[in-house]
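Residue strings, one per chain:
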Amino acid sequence: MIKEITIQNFRKHKSSVIKFDERLTVLVGENDTGKSSLISAIQVITNNNNITKDDFYDVSKPIEILMAVDDDLYGVEAILQDSKAATRRFTKISARRAHQIKTDIFSIPDDELRGIAKFLGVKLAGTPKPATIRDKIVETLSVKESYSKGYFTIDTNRDFPHLSYALSGVEFENLDKFISETFFKTKQKSIWDSEVNGLTLSDFIQGELDKFKVDTEAEIQASGIMDIIKSYMSVVDRIEIQPEFDRRDISVNLSVKLLTSSGENRSASGFGDGTKRRLTIALLQHKASSSPERAIYLFDEPDTHLHVRAQNDLLDAFDSIADAGNQVIVTTHSPFIMNAVDAKQVRMFNKHKDIVSIKGNILSEQSKTDTLKNLGIENIHLFFSRNFLIVEGATEEVFLKIAYKRMFGRELSRDFIKLVNMQGVNNIIEFQKTLNEFVRKQDMFVVADRDAKESTRELIERLPTEQIYYIGTKEFEDSFTPQVVYDAWVDQISKNGIDLGPNWTYENVDAVYRDPLKVMGGVINHLIPLNSGCSYALDKLTLGLALGTYCEVHHLPPNLSDLLVSINKLAKETHPPEDEPATLSAEDLELI
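All values derive from a computational prediction rather than experimental measurement. (Residues numbered from 1 in each chain as written. Predicted model: local features only at pLDDT ≥ 70, side-chain atom pairs only at ≥ 80, totals over all residues. Heavy atoms only, no water.)

Remarks on the overall build of the protein
At step 1: Secondary structure summary: the protein contains 23 helices and 21 strands in total.
At step 2: Taking the intrachain contacts of the protein between residues at least 6 apart in sequence as the baseline, contacts between residues at least 24 apart amount to 70%.
At step 3: Carbon together with sulfur atoms contributes 49% to the accessible area of the protein, which is approximately 29900 Å² in total. (Helix = DSSP H or I, 4+ residues; strand = E, 2+ residues; numbered from the N terminus. Contact = heavy atoms within 4.5 Å. Areas by Shrake-Rupley, 256 points an atom, 1.4 Å probe, with all protein chains shown as cover.)

This is the structure we're talking about:
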C-alpha cells in the first residue's frame, strides 16, 4: 500500500512529503491547507487523473509527484506547454527486482509472461509465442539508460496495481455515486480482462487494432499514394500507423432505488444527510469485508452532518476496512475522530504565507502516547495547541485558568493554549522528548516555585525554553500581597454565604507574610489554621480559585501579569512552517 508521497509544485503543495500509516491516516488542518490537494495528488497516480494548468503551484516550474507503493515507486512529471500540461508517467522498480526477473525469465510459467510484459510496459502485437515475450522482456530490462539510483524506470501508463475508491463528503450522501464508486468500479476496471473466445477483451481489441494497422498500411502502400507524397516530401519513405488502446473505465450510468416492501420507490432525497451517510457506512462495511482484493480508500470529510455516535460508527467502518487488508486515508475536521485514533496516525496540515507544512508520524511508541494521555493531552491539543503552559502545582493550575479568562474574556483553550500540571509527569524524559518534537521552544512557558521539586527542576533543565517564570519567594501563594490574599478569601466566603472564622483577619494574614520563617515554610501551611472557624475548607485549590476569581490586573505580581500577556500575544500569531520544533541532543537520546 502507499507508504509515502512526495509532491512538488502541485496545487497547495510547493514541496511536501507525507508518510502514511499502513491502516489508517487521518489528515487534519484548517481549510485551504492542502488536505484535499493531497487526495487529488494521490488520484493523479491511482486513477490516472489528468493534470491541468490550474494544478500548477508555479506555472514556470514542473509538477512532480512520486508515490512509494509497496516496493515500487509510481511517478508523474508535468510541464506547462501552451497552457496545457505535457505529462510523463513512470514506474520505478528496484534494480535488484529487475535483475531477478531477467535471471528467472525461463522459469516463469508461460501464462504469467503477458502480465509481466504488461507490467514492464512491453508492447505485444497480436498473440506472440512465449519465447518472443521472453525475448522482449529481457530486451526491455537490458536498457542501461533505464537504471538510476538503484531503480529501473518504466515509462508507462499502466493501471495502478491496487483498486482505489475516492469519496468526498457530498458523494457520501449520494447513493448513486457511492454505489458506482465502491461497488461498480471494480467491474469497470476488470471488464477489459473478461475473456472472449480465449482472449481477454483488452487483447481482442488490441488484436483488432494491430490488424487494422497492418491492413491500412498495406492499403496505403499499394494505392500509389506514396509516390505522390515522395514527389514533394522526398525524405518520407512510408507511412506507419500506431493505434494505442487506452483502457479507460467504461461509461455506465448507474442509478440506485430504495424500494419499500410493496415495490414503491422512496427517493433518497427524502432522508436527512446524516441518515443517508449511515446507510453508506453500512454498505461500506459490507464492501470491505466481502471484497477479496486489497484497496485504498480515500475519504474527504465523510463525517460532515454526522452525530458523534455516527462518527464512531464511521470509525468502526474504517477499522473493518483496514482489518480486511485495505488502507484508509481520510480528511476530517472532527475533534472526536482526531482524538479517537492513535496520535501516530494523524497528519496536521498548516499553511503560512502560502507554504504548506505537515506535522506528524512521530509518536510511533506507545509509551509516548500513554504519557500524553495521562496528562490529559489529547491529539487535538498536540497538533492544534499554539502554546503549552506548564505549571508545577494545583494553585497555579486553578488560578491561571480563571485569571486568563478575567484578563482576556476567553478560556485558555479558546486561544489554543494547553495547561499541563507537571505533577502528573511520571516519565520526564518521554514527556520532554514528545514536547520537543511537537512544540517550538518559544511556545513553551513554565511556571514554577522557587522550591521546585527535584523532578520539576530536572524537567525545566531539559526543556529548551528560556521562558521560565519563578513565582513567589518560595511558592506561588506568597507572590501575592497579604492584602490581596485576605480580600480574595473574604470575597470567596461571602459569595458562598458562609460565616468567616474569627481568626481570619488582615493582621493575622499579614503577620504570616512578614515572618520569613513562615514564608520559607510555605504560607499555605500557616494560612490554613487561620481559617479554622470557617466551614469552607482552605487549601491550595480553593485559594487558587479565590485568587483567580478576585484578582484584577493590578492585583497580580508583575511577572505573572507579563506571563499572561505574553502567552495571549503569542497565541494570536501564526507560525511559519520553517520554525521547527526543538530537537533532542545526542546526550538526551543516549539517556532515552
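As for the pattern of salt bridges
At step 1: Under the definition given, this model contains 21 salt bridges.
At step 2: With its nearest N and O atoms 2.7 Å apart, the salt bridge here joins Asp72 to Arg97. Here Asp72, found in strand β5 (residues 72-81), pairs with Arg97, found in helix α2 (residues 95-103); they are 25 residues apart in sequence, far enough to count as distant.
At step 3: On the basis of relative accessible area, Asp72 is assigned to the buried category, the value being 7%.
At step 4: A cluster of three or more residues bridged by salt bridges with shared partners is formed by Lys12, Asp32, Lys351 and Asp354. (Salt bridge = Lys/Arg side-chain N within 4 Å of Asp/Glu carboxyl O. Buried < 20%, exposed > 50% of the residue type's maximum accessible area, 1.4 Å probe, protein only.)

Details of the sheet that holds β5
At step 1: In spatial order, the strands read β2-β1-β4-β5-β6-β8-β7; together these seven strands make up an open sheet with antiparallel pairing. In the strand order of this sheet, the two ends are held by β2 (13-19) and β7 (147-148), each with one partner.
At step 2: Where β5 and strand β6 (residues 84-94) come together, nine bridges link them in antiparallel fashion. Bridging from a neighbouring strand, Ala78 pairs with Thr87 of β6. (Pairing = 2+ DSSP bridges.)

Notes on the packing of aromatic side chains
At step 1: The final tally for this structure, using the stated rule, is 12 aromatic pairs.
At step 2: Where Phe476 meets Phe480, the ring centres are 5.6 Å apart and the plane angle is 70°; that geometry is what we call edge-to-face. Here Phe476 matches Phe480 in class, with each residue buried. (Phe/Tyr/Trp six-rings, centres within 6.5 Å; stacked < 30°, edge-to-face > 60°.)

Quick look at the confidence of the model for the protein
At step 1: Summary statistics for the protein give a mean pLDDT of 81 and a share of 84% for residues scoring 70 or more.
At step 2: Across the protein, the secondary-structure element scoring lowest on mean pLDDT is helix α23 (residues 586-591), at 36, and the one scoring highest is helix α18 (residues 506-514), at 96.
At step 3: Here residues 575-592 is a poorly scored stretch, pLDDT under 50, and it has 33 contacts once near neighbours within four places are set aside; other chains count. (pLDDT = per-residue confidence, 0-100.)

Some details on the environment of Lys53
At step 1: Note on placement: Lys53 falls in the loop between α1 (35-46) and β4 (63-69).
At step 2: On the accessibility criterion, Lys53 (42% relative accessible area) is partly exposed.
At step 3: Once the C-alpha coordinates of Lys53 and Arg11 are considered, the two residues, 42 residues apart in sequence, prove to be 9.9 Å apart.
At step 4: Contacts of Lys53, omitting those with residues within four sequence positions, involve Leu80 and Ser83.

Side note on the nonpolar core
At step 1: Counting residues in each nonpolar core, the largest one holds 44 residues, and the members touching the most others are Leu389, Phe399, Leu400, Phe480 and Leu527.
At step 2: Once residues within four sequence positions are removed from consideration, Phe399 is found in contact with Phe476, Phe480, Gly544, Leu547, Gly548, Cys551, Leu556 and Leu560.
At step 3: Counting 40 residues, the second-largest nonpolar core is a separate cluster that includes Leu167, Tyr297, Leu315 and Val330. (Core = buried A, V, L, I, M, F, W, Y, C linked by side-chain atoms within 4.5 Å.)

Focus on the sheet that holds strand β19 (residues 417-421)
Adjacent strands of a sheet pair through backbone hydrogen bonds, lying either parallel or antiparallel.
At step 1: Taken together, the four strands give an open sheet; going across it, the order is β19-β18-β20-β21, and neighbouring strands pair in parallel fashion. With partners counted over all chains shown, the strands left at the sheet margins are β19 and β21 (468-470), one partner each. Strand-to-strand twist in this sheet, taken as the mean axis angle between neighbours without regard to direction, amounts to 20°.
At step 2: With four bridges connecting them, strand β18 (residues 387-391) and strand β20 (residues 444-448) associate as parallel partners. By the bridge assignment, Leu389 is partnered in β20 with Phe445.
At step 3: Docked against the sheet, helix α14 (residues 394-408) engages β18, β19 and β20, running at close to 160° with respect to β19. (Axes fitted to C-alpha atoms, helices over the stretch in contact; angles between N-to-C directions.)

A word on the side chain of Thr33
At step 1: By the element assignment, Thr33 lies in the loop between β3 (24-29) and α1.
At step 2: Thr33 gets classed as buried once you look at its relative accessible area, which sits at 5%.
At step 3: Side-chain polar atoms of Thr33 contact the backbone oxygen of Glu30, separated by 2.7 Å.
At step 4: Contact partners of Thr33, with chain neighbours within four places excluded, come to Phe349, Asn350, Lys351 and Val356. (Polar contact = N/O pair within 3.5 Å; in protein donor to acceptor, adjacent residues only side chain to side chain.)

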